[in-house]
Amino acid sequence: MRLREGLLLAVIAAVSIAAPVHAATHTINISLVTFDPAVLTVNVGDTVIWRNNSFLQHTVTRGINCQPASGGFDSGIMDPDGQFSFTFANTGSFDYFCLLHCIAGMRGTVVVEIAPVPIAATTWGGIKALYRTVR
Ligand SMILES: [Cu+2]
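Because the structure is predicted, anything quoted here is derived from the model rather than measured.

Draft legend 1. Local environment of the overall build of the chain. The secondary structure content of the chain amounts to 1 helix and 11 strands. Secondary structure elements in the chain, listed N-terminal to C-terminal, are α-β-β-β-β-β-β-β-β-β-β-β.

Draft legend 2. Geometry of the sheet that holds strand 1 (residues 25-31). Overall, mixed pairing links the 4 strands, which are arranged 2-1-4-7 in an open sheet. Both edges of this open sheet fall to strand 2 (34-36) and strand 7 (83-87), since each of them pairs with a single strand only. Each strand axis lies, on average, 20° off the axis of its neighbour in the sheet, ignoring direction. The pairing of strand 1 with strand 4 (residues 47-52) spans 6 bridges and is classified as parallel. What sits directly across from T25, in strand 4, is T47.

Draft legend 3. Spotlight on the nonpolar core. Membership of the largest hydrophobic core comes to 18 residues, with the highest contact counts inside it found for V48, W50 and V110. Looking at this core, the elements with two or more residues in it are strand 1, strand 4, strand 8 (92-97) and strand 9 (107-113). In terms of residues, this core owes the most to one element, strand 8, which gives 3 residues. When residues no more than four places from it in sequence are discounted, the contact partners of V110 are L40, V42, V48, F88 and F94.

What counts, and where the lines are drawn
- Residues numbered from 1 in each chain as written.
- Predicted model: local features only at pLDDT ≥ 70, side-chain atom pairs only at ≥ 80, totals over all residues.
- Helix = DSSP H or I, 4+ residues; strand = E, 2+ residues; numbered from the N terminus.
- Pairing = 2+ DSSP bridges.
- Axes fitted to C-alpha atoms, helices over the stretch in contact; angles between N-to-C directions.
- Core = buried A, V, L, I, M, F, W, Y, C linked by C-beta atoms within 7 Å.
- Buried ≥ 20, exposed ≤ 12 C-beta atoms within 10 Å, placed from the backbone.
- Contact = placed C-beta atoms within 7 Å.

Here's what the structure looks like:
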């Protein structure tokens, strides 16, 4: 009986080992006067990189209706081939625009969600267990 309990504890310990956190990196391409994709959904902790693939200067400025938000991210002027990155630590919907071309409709949104918790199922002999991997 003690041996079986010990074995069960060992199995529980094995599945409790933390899985590595995999924060993803996403790219938004800037071409002419558009952000592509204009709406991007990511998970908390992910990083977004905006790459200026146009021949124009642009900015990535947090705000809505062409009005910068206080305390938001701002790339400043990005020259052609420049890039800007930002890591999203909180959930929410983050509107942004280009200061130079907002009137022309150069706007985008990053939607940040909580990463789904993976659920796994395993069977050992007659024991079936559901567990979540620790992130
Ligand atoms: Cu622009």
